[in-house]
Amino acid sequence: MDMALDDLADVGDEALLVAYANGDRAAARVLTLRLTPRVLAQAYRMLGDRAEAEDVAQEAMLRLWKIAPDWRQGEAQVTTWLYRVVANLATDRLRKGRRMSGTDIAELPERTDAAATAPEQMQEDARAAALQAALADLPDRQREAVVLRHIEGLGNPEIAEIMDTNVRAVESLIARGKRALTAMLAPKREELGYDDD
């Protein structure tokens, strides 16, 4: 029998996945609502294309549901496993020659600050587009590490597990990625409204 959605709000990801595997559809809904935005954001940052990111997010969630009956508790966090699947799917698409597109105006994030003026929102959108374009120019592994660390907010040990490498390599990838982003975005400082303090 399904539990109420409110009852599941504080339940951990792993417990929700196990509940889904045991037939609890409400657990699947809660887990989907919790994880899909994160998965979609990671895929978008890696691919730079909304439609491609949606395909990757959908495929990653389908894979999660397929492995649910065989999930071995305590071996990995659901989010770590899922981030790794997304990273692998996105990398596969990139390797198959799919090119990253520039940010389309329709893909820019919705305005979140009602107090922001139109020029402020346009500047924020320009900054987001410039960052996305710069991320698109990074090598795949650097982009993945930078996105997981600075956009998804994961720690280096978890990133190392997702990327199937060690913490030192992650630190190096992040440092090189940040240096490359700084070099790419530095000529645009004035255009993007950053002061030279």
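Everything quoted here is computed from the prediction, not taken from an experiment.

## Here's the deal with the side chain of Thr79
- Position of Thr79 among the secondary structure elements: in helix H5 (residues 78-95).
- Not counting the four nearest positions on each side in its chain, Thr79 is found in contact with Asp13, Leu35, Arg38 and Glu158.

## A short note on the nonpolar core
- With 30 residues, the main nonpolar core has Leu17 and Leu64 as its most contacted residues.
- Of all the secondary-structure elements, those providing two or more residues to this core are helix H2 (13-21), helix H3 (25-47), helix H4 (50-67) and H5.
- The biggest single contributor to this core is H3, with 11 residues.
- One finds Leu148, Leu154, Ile159 and Val170 within the second-largest nonpolar core, a separate group that totals 11 residues.

## Observations regarding the side chain of Asp24
- One can find Asp24 in the loop between H2 and H3.
- No salt bridge is formed by the buried Asp24; its nearest oppositely charged neighbour, Arg29, is found at 6.2 Å.

## Brief notes about the packing of H3 against H5
- Between H3 and H5, whose axes approach to 10 Å, the crossing angle comes to 30°. With respect to H5, the axis of H3 lies roughly parallel. In this structure, the crossing between H3 and H5 has a hand that is right-handed. Where H3 abuts H5, its residues Leu35, Arg38, Val39, Gln42, Ala43, Met46 and Leu47 lie against Val78, Thr79, Leu82, Tyr83, Val86, Ala87, Ala90, Thr91, Arg93 and Leu94.
- Grouping the amino acids of the contact of H3 with H5 by side-chain chemistry returns 12 nonpolar, 3 polar and 2 charged.

Parameters and conventions
- Residues numbered from 1 in each chain as written.
- Predicted model: local features only at pLDDT ≥ 70, side-chain atom pairs only at ≥ 80, totals over all residues.
- Heavy atoms only, no water.
- Helix = DSSP H or I, 4+ residues; strand = E, 2+ residues; numbered from the N terminus.
- Contact = heavy atoms within 4.5 Å.
- Core = buried A, V, L, I, M, F, W, Y, C linked by side-chain atoms within 4.5 Å.
- Buried < 20%, exposed > 50% of the residue type's maximum accessible area, 1.4 Å probe, protein only.
- Lys, Arg positive; Asp, Glu negative; His and termini not counted.
- Salt bridge = Lys/Arg side-chain N within 4 Å of Asp/Glu carboxyl O.
- Axes fitted to C-alpha atoms, helices over the stretch in contact; angles between N-to-C directions.
- Parallel < 35°, antiparallel > 145°, perpendicular 65-115°, else oblique.
- Left-handed = near helix turned anticlockwise from the far one by under 90°.
- Nonpolar A, V, L, I, M, F, W, Y, C, P; charged D, E, K, R; others polar.

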